[in-house]
Amino acid sequence: MDSILSLSNVSKSYGNFPVLKGIDLDIRKGEFVAILGSNGAGKTTLVKIMSTLSSPSEGVVEISGHNVADDPASVRSMIGVISHETHLYNDLTAEENLRFFGKMYGIRGDGLEDRINELLEQVELSGRSDDRVVTFSRGMKQRLSIARSLIHEPQLLFLDEPYTGLDQHASRTFEKVLQDLDPKDTTRVMVTHDLIRTFQMCNRVVILDHGRIVFDSPMSDVGSAEELKEIYISNVKSHSSI
Amino acid sequence: MIRILDIAAKDLKEEFRTKQMLNSMVIFSLLVIVIFSISFGPILGSSENVEMVAPGVLWIAFIFAGSIGLSRSFVAELENGCLEGLKLCPVSRAAIYTGKAVANIVLMLIVEIITIPIFVILFNYNIGGLFLPGLVIALGTIGFVCVGTLLSALTVNTRTREILLPVLLLPLVLPVLIPAVMATGSALSGASMGDISQELRLLLVYDVVFFLVAQLVFEYVIQD
């Protein structure tokens, strides 16, 4: 399979404090990669660098051959980001939020309206399309956040602890939407602390510790969720987050 | 260009729906005019005295009402991490800045359109014309908002943004305030464009310079 995301010797420091140290990572099209690590391991910083929100102190990040530092606009049109923050405007309706972000990605006219209806149906919010986001529950906001991040049909989807604050029902709906994405169209990279969900959903696991990759393996080589937990504990010096 | 208008339209749609900023700005602006008219009305006497004081009063109302609006301009973008969502879109940072500035200019112009008739009535002011005072006030507003929108983004992550913004903003907008007040007074009294051409040129240069500088530095202001 072709590579969609490649990181070469990526480091990031805040002042004298190194957060990422020489990260090399290659992600192929269609993979669903989990990035695990304790708090402060550098997971969110890594996602911010990969998604153009932050620049690496050293190294090169390329998405589909485009250098993230040199050509951020092209990269942004290829990626979607779902985080614990929904990136939604409270005083706009669900439909208005999607329409606004669609326009920001250069989608307009009937194509945009069709895409909005399709996504609202997919995240089971068609009945609430004209309601303001401020009236939504946390789970509904997160589902709408998925629709927002998929409006431009990104090739690469970053998920930064997307389950934070979701109840069981909202988590299941969220999972279903994620699993319904065609891996041929969308590669997924998820930062999480949830080892069971990682084992069930992802096909590759990367463990970060103190800014370095300490484990990288296909999920097929990990026998069970219990085994993943053992691997995590043995590789992470501070494992307070599991 | 079209994305600038999309961002401005989104901001205005949110504001017209809640009217959080607009109501506060209008009420504050009117309060300033009423308080000044009550305080100075009896001692101003002749229309010449009114013409000397009133333009300053008008701009005090605009500037402080504007500061209230500007201090909230980026707050909505902080809720739910919307600014991050906007930064993730393939839109230039300059477009984000300009879109926000356009929305702020529209809001300030609405406040000014409501304030000016009340000002005219309370100060018993005889306006010489509408076009020239409108042009001066619009140019002054653009300069004020160009700087204010940038500083609003700069201070939005601080806990004391409501205090910090006017403290930083007022010294920086002095070069626009002085010609704006002078030209507003003259224009309201019926001066011709030739009479205030120097002030108009100053305002225009200030607007262009600050708009361009703000566009260039905005990327660094909103960087993580």
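None of these values were measured; they are calculated from a predicted model.

Reading the values: rules and limits
- Residues numbered from 1 in each chain as written.
- Chains lettered and ligands numbered in written order.
- Predicted model: local features only at pLDDT ≥ 70, side-chain atom pairs only at ≥ 80, totals over all residues.
- Heavy atoms only, no water.
- Helix = DSSP H or I, 4+ residues; strand = E, 2+ residues; numbered from the N terminus.
- Rg over C-alpha atoms; globule rule 2.2 N^0.38 Å.
- Buried < 20%, exposed > 50% of the residue type's maximum accessible area, 1.4 Å probe, protein only.
- Contact = heavy atoms within 4.5 Å.
- Pairing = 2+ DSSP bridges.
- Axes fitted to C-alpha atoms, helices over the stretch in contact; angles between N-to-C directions.
- UniProt positions renumbered as here; feature names shortened; annotations may be inferred.
- Disulfide = S-S within 2.5 Å.
- Buried area = accessible area lost by both parts, 1.4 Å probe.
- Salt bridge = Lys/Arg side-chain N within 4 Å of Asp/Glu carboxyl O.
- Polar contact = N/O pair within 3.5 Å; in protein donor to acceptor, adjacent residues only side chain to side chain.
- Nonpolar A, V, L, I, M, F, W, Y, C, P; charged D, E, K, R; others polar.
- Expected span 1.5 Å × (residues − 1).

Comments concerning the overall build of chain B
Alright, step 1. The secondary structure content of chain B amounts to nine helices and zero strands.
Alright, step 2. Starting at the N terminus, the α and β elements of chain B follow one another as α-α-α-α-α-α-α-α-α.
Alright, step 3. Against the compact-globule benchmark of 17 Å for 224 residues, chain B has a radius of gyration of 18 Å, which places it among compact chains.
Alright, step 4. By its C-alpha atoms, chain B is 60 × 35 × 30 Å across when sized along the principal axes.
Alright, step 5. Counting over 224 residues, chain B shows a buried share of 49%.
Alright, step 6. If you take every contact in chain B between residues at least 6 apart in sequence, the share linking residues at least 24 apart comes to 85%.

Considering the sheet that holds strand β9 (residues 204-209) of chain A
Residue and element names in this part refer to chain A.
Alright, step 1. The six strands lie next to each other as β6-β7-β8-β3-β9-β10, forming an open sheet whose pairing is mixed. Of all the strands in the sheet, the pair left with one neighbour each is β6 (79-83) and β10 (212-218). Shown here is a sheet whose adjacent strand axes are inclined to one another by a mean of 15°, direction ignored.
Alright, step 2. Note: β6 against strand β7 (residues 156-160), five bridges, orientation parallel. Along β7, the bridge assignment pairs G80 with L157.
Alright, step 3. Of the strands in this sheet, β6, β7 and β8 (187-191) are in contact with helix α6 (residues 168-180), which crosses β7 at around 160°.

Observations concerning the pairing of strand β3 (residues 32-36) of chain A
For a regular strand, side-chain orientation follows a simple rule: the groups alternate between the two sheet faces.
Residues and elements named next belong to chain A.
Alright, step 1. Most of β3 is tucked away: five of the five residues are buried.
Alright, step 2. What you see with β3 is no split at all: F32, A34 and L36 on one side and V33 and I35 on the other are buried throughout.
Alright, step 3. Sheet analysis places β3 next to β8, joined by four bridges and oriented parallel. By the bridge assignment for β8, F32 is matched with R188.
Alright, step 4. Pairing geometry for β3 and β9, over four bridges, is parallel. Paired with L36 across the two strands is I207, which belongs to β9.

Remarks on the UniProt feature "domain: ABC transporter" (unreviewed entry) in chain A
Alright, step 1. Mapped onto the present numbering, the UniProt feature "domain: ABC transporter" (unreviewed entry) falls at residues 5-235 of chain A.
Alright, step 2. The distance from the first to the last C-alpha atom of residues 5-235 of chain A is 24 Å, and the span holds 36% helix and 27% strand.

Remarks on the state of the cysteines
Residues and elements named next belong to chain B.
Alright, step 1. Under the criterion given, the structure shown has zero disulfides over all chains.
Alright, step 2. Free of any disulfide, C82 has its nearest cysteine sulfur in C89, 11 Å distant.
Alright, step 3. By relative accessible area, which is 1% here, C82 ends up buried.

Some remarks on the interface of chain B and chain A
Alright, step 1. Each partner contributes residues to the interface: chain B has 24 residues there, and chain A has 25 residues.
Alright, step 2. Carbon and sulfur atoms supply 57% of the area buried between chain B and chain A, which totals about 2600 Å² over both sides.
Alright, step 3. Remark: the boundary between chain B and chain A carries four salt bridges.
Alright, step 4. When the shortest N-O distance is used, the salt bridge between E96(A) and K13(B) registers 3.8 Å.
Alright, step 5. Our enumeration of links across chain B and chain A arrives at 13 residue pairs in polar contact (both at pLDDT 80 or more).
Alright, step 6. Listed by contribution, the elements that provide at least two residues to the side of chain B that touches chain A are α1 (2-18) and α5 (82-87) of chain B.
Alright, step 7. Here the side of chain B that touches chain A takes nine residues from α1(B), the largest share from any one element.
Alright, step 8. Looking at the side of chain B that touches chain A, its residues break down into eight nonpolar, four polar and 12 charged.

Some remarks on helix α5 (residues 138-150) of chain A
Residue and element names in this part refer to chain A.
Alright, step 1. The end-to-end C-alpha separation of α5 is 19 Å, in line with the 18 Å expected for 13 residues at 1.5 Å each.
Alright, step 2. The element α5 is extensively covered by neighbouring structure, given that 12 of its 13 residues are classed as buried.
Alright, step 3. All buried positions along α5 are accounted for by G139, M140, K141, Q142, R143, L144, S145, I146, A147, R148, S149 and L150.
Alright, step 4. On the buried face of α5, the contacting elements are β6, α3 (94-104), α4 (109-122), β7 and α6.

Side note on the pattern of salt bridges
Residues and elements named next belong to chain A.
Alright, step 1. Here the structure, examined in full by the defined rule, presents 19 salt bridges over all chains.
Alright, step 2. Residue R132 is joined to D91 by a salt bridge in which the shortest nitrogen-to-oxygen separation is 2.7 Å. Of the two residues, R132 sits in the loop between α4 and α5 while D91 sits in the loop between β6 and α3, which places them 41 residues apart along the sequence.
Alright, step 3. The exposure class assigned to D91 is buried, which follows from its relative accessible area of 16%.

A short note on the sheet that holds strand β2 (residues 17-28) of chain A
Residues and elements named next belong to chain A.
Alright, step 1. One open sheet accounts for four strands, arranged β2-β1-β4-β5; its pairing is antiparallel. Looking at which strands have only one partner, the edges of the open sheet turn out to be β2 and β5 (66-67).
Alright, step 2. Two strands pair when backbone bridges link them, and strand β1 (residues 3-14) and β2 are joined in this way by eight bridges, in the antiparallel orientation. Within β2, the residue paired with V10 across the bridge is I23.
Alright, step 3. Packed on one face of the sheet, helix α1 (residues 43-50) meets β1, β2 and β4 (58-63) and runs near 120° to β1.

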